[in-house]
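# Secondary and tertiary structure notes
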Amino acid sequence: MNHRPLGRSGLSIAPLVFGGNVFGWTADEATSHRLLDAFIDGGFNAVDTADVYSAWVPGHPGGESESVIGRWLKGRSKRDDVLILTKVAMWPAQPGLSAANIVSAVEGSLTRLQTDHIDLYQSHQDDQATPIDETLEAYDRLIQAGKVRAIGASNFTPERLAQSLKVSADQGVARYETIQPKFNLYDRSEVQGALEALTGQEGIGVIPYYGLAAGFLTGKYRSEADLEGKARGRTVRQYLNDKGQRVLAALDQAAKTVGASQAQVALAWIMAHPSITAPIASATSVEQLTELMGAARLVLPAEVIEGLNPAGA
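In this report, the structure presented in the accompanying data block is examined. All chains use their own residue numbering, which begins from 1 and follows the written sequence. Owing to the predicted nature of the model, reporting of local features is limited to residues with pLDDT of at least 70; listing and counting of side-chain atom pairs is limited to 80 or more, with chain, interface and lining totals taken over all residues. Just so you know, side-chain values use all the structure's heavy atoms and leave hydrogens and water out.

## Considering the pairing of strand 5 (residues 83-88)
Note the cut-off: Relative accessibility decides the category of a residue: with a 1.4 Å probe and only protein chains considered, values under 20% of the type maximum give buried, values over 50% give exposed, and everything between is partly exposed. Only runs of H or I of at least four residues qualify as helices and only runs of E of at least two qualify as strands under DSSP, and these elements are numbered from the N terminus. Between any two strands, at least two bridges found by DSSP are needed for them to pair. Consider the strands pointing away from the viewer: the crossover is right-handed when the path from the first strand over the helix to the second runs clockwise.
Of all six residues in strand 5, six are buried; the element is thus mostly enclosed. Every second residue of strand 5 is oriented toward a common face, with Leu-83, Leu-85 and Lys-87 on one face and Ile-84, Thr-86 and Val-88 on the other, all of them buried. Relative to strand 5, strand 4 (residues 46-48) runs parallel, the two sharing three bridges. Residue pairing for strand 5: Val-47 is matched across the bridge by Ile-84. The handedness of the strand 4 to strand 5 crossover, carried by helix 2 (residues 64-74), is right-handed. Where strand 5 lies against strand 6 (residues 118-123), four bridges are found, and the strand directions are parallel. What sits directly across from Thr-86, in strand 6, is Tyr-121. Of the crossover connections in this fold, the one passing from strand 5 over helix 3 (residues 99-113) to the parallel strand 6 is right-handed.

## What to know about helix 10 (residues 286-293)
Test applied: Along the arc lie the directions from the helix axis toward the C-beta atoms. We call two residues contacting when some pair of their heavy atoms lies within 4.5 Å.
Along helix 10, the residues classified as buried are Leu-289, Leu-292 and Met-293. Buried residues of helix 10, viewed axially, fall in a sector of 95°; they line one side. Looking at the buried positions of helix 10, the neighbouring elements they touch are strand 3 (17-19), helix 1 (29-41), helix 9 (262-272) and strand 10 (280-281).

## Examining the sheet that holds strand 6
The strand order across the open sheet formed by eight strands is 9-8-7-6-5-4-3-10, and the pairing between neighbours is parallel. On the outer flanks of this sheet lie strand 9 (205-206) and strand 10, each paired with one strand and no other. One ladder, built from three bridges, connects strand 7 (residues 148-154) with strand 8 (residues 176-180); its direction is parallel. In the sheet register, Ala-153 faces strand 8, and the bridge partner there is Ile-179.

## Side note on the pairing of strand 8
By the criterion of burial, strand 8 is predominantly enclosed, with five of the five residues buried. This β-α-β element, strand 7 to helix 5 (residues 158-171) to strand 8, shows right-handed connectivity. As paired elements, strand 8 and strand 9 share two bridges and run parallel to each other. Residue pairing in the sheet places Thr-178 in a bridge with Gly-205 of strand 9. A crossover links strand 8 with its parallel partner strand 9, the connecting element being helix 6 (residues 194-202), and its sense is right-handed.

## As for the packing of aromatic side chains
For any pair of aromatic rings, geometry is given as the distance between the ring centres together with the angle between the planes. Applicable threshold: Centres within 6.5 Å make a pair out of two Phe, Tyr or Trp rings, where for Trp the six-membered ring is used; the pair is then stacked when the planes are under 30 degrees apart, edge-to-face when over 60, and tilted otherwise. Only lysine NZ and arginine CZ atoms are considered, and such an atom sits over a ring when it is within 6 Å of the ring centre and within 35 degrees of the ring normal.
Across all of its chains, the model carries twelve aromatic pairs by this definition. Each ring, one from Tyr-53 and one from Trp-56, has its centre 5.6 Å from the other, and the planes form 70°; the classification is edge-to-face. Taking the relative accessible area as the measure of exposure, Tyr-53 reaches 13% and is therefore buried. For the ring pair Tyr-186 and Tyr-239, a centre distance of 4.7 Å and an interplane angle of 85° mean the geometry is edge-to-face. Of this pair, Tyr-186 sits in the loop between strand 8 and helix 6 while Tyr-239 sits in the loop between helix 7 (233-236) and helix 8 (242-258), and the two are 53 residues apart along the sequence. Residue Tyr-186 shares its accessibility class with Tyr-239, and that shared class is buried. One aromatic cluster in this structure is built from Phe-18, Phe-23, Phe-39 and Phe-44. In this structure, Lys-243 packs its charged tip against the face of Tyr-186, placed 4.3 Å from the ring centre.

## Some thoughts on the packing of helix 4 (residues 132-144) against helix 5
For clarity, the cut-off: Only the stretch in contact is used when fitting a helix axis, every axis being a line fitted to C-alpha atoms; angles between N-to-C directions are given from 0 to 180 degrees. Orientation categories follow fixed angle ranges, with anything under 35 degrees roughly parallel, anything over 145 roughly antiparallel, 65 to 115 roughly perpendicular, and all other angles oblique. Definitions for this section: a left-handed crossing has its near helix turned counterclockwise from the far helix by less than a right angle. A right-handed crossing has that turn clockwise. For this classification, the nonpolar set comprises Ala, Val, Leu, Ile, Met, Phe, Trp, Tyr, Cys and Pro, the charged set comprises Asp, Glu, Lys and Arg, and every other residue, Gly included, is treated as polar.
Packing of helix 4 against helix 5 brings their axes to within 10 Å, and their N-to-C directions diverge by 60°. Classified by the interaxial angle, the pair formed by helix 4 and helix 5 is oblique. Crossing angle aside, the handedness with which helix 4 passes helix 5 is right-handed. Facing helix 4, whose interface residues are Ile-132, Asp-133, Leu-136 and Glu-137, helix 5 presents Arg-160, Gln-163, Ser-164, Val-167, Ser-168 and Gln-171. Of the residues belonging to the contact of helix 4 with helix 5, the class tally is three nonpolar, four polar and three charged.

## Details of the layout of surface pockets
The cut-off we apply is this: Cavities and pockets were defined on a 1 Å grid built over protein atoms only: a cavity is a set of grid points that admits a 1.4 Å probe from which the probe cannot escape, a pocket is an open set flanked by protein on both sides within 12 Å along at least five of seven lines, and lining residues are those with an atom within 4 Å of any such point. Grid points are joined across faces, edges and corners, and a volume is the space filled by probe spheres set on the points.
Approximately 160 Å³ is the volume found for the second largest pocket. Considering the residues around the second largest pocket, the lining is formed by Met-1, Asn-2, Arg-4, Pro-15, Ala-268, Met-271, Ala-272, Ala-295, Ala-296, Leu-298, Val-299 and Leu-300. When residues in the lining of the second largest pocket are grouped by element, the largest group, three residues, is from helix 9. Residue composition of the lining of the second largest pocket, by class: ten nonpolar, one polar and one charged.

## Quick notes on the packing of helix 2 against helix 3
Running from amino to carboxyl end, helix 2 crosses helix 3 at an angle of 50°, the nearest separation of the two axes being 6 Å. The angle between the axes of helix 2 and helix 3 places the two elements in the oblique class. Residues Glu-66, Ser-67, Ile-69, Gly-70 and Leu-73 of helix 2 touch helix 3, and the partners they reach there are Ser-109, Arg-112 and Leu-113. When its residues are assigned to classes, the contact of helix 2 with helix 3 shows three nonpolar, three polar and two charged.

Okay, structure coming up:
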């Protein structure tokens, strides 16, 4: 498996990251553990989660995904087989990027994950009420203490990421080595342009979420009727428009040309993008996961990529 660097952190990952938002939500604990085993056994090594997952579910206070992963980690003999990526700032129970919140939140995540370190600790969203230097100095102390190996950001504008990188350089403290934007065949605006230029210039890893547009790019959702009873139906509905149909048509043609599924083609297209380190995608069954992992071994011919590019532009 060809690993790709996470910025300048010294860490590297396989070209697909497992999205752990499903753990304890649409995948129960036993299923989640089977998925994690299959992912690592498949040659992949990075699992992304957050303290807030899955607080949006009625009756879930948050921390469910980390807890599921933690019980899985406890049963494994080799912690070094997997990189754990988690986040802070978006959970209503522990919001923001103040030093006090980061120090408190990391202890909660470490406890739930049942580990002594987090490989990539990420700011889940920007916090303009907290000075940038306060946030980065807090992260730097965690790295010095060995509780965190590297830090990343998510949902930051290019301007705020650039400001953060400047503070890190000026003050000699830890810098964000990665960024998590939304990016897929349909959603491209967050990456293309200023962010792409900045990450290329600064050597920042890009690990986008929504690689399959909440399942839309699997080709399974083509009408309102297909959304009935689906956990992500409300999210997928936004893609049921003319642009979405163009994307699906191009995806169908590409999948037919290369003999792969729509989901595999959609992820392989992201992996082939020069500014992307690895997309994040989730699955709720081993069968689904096996399909997604196949994307990492799918090389799209240049003419297929050229056929896909205009559809969601």
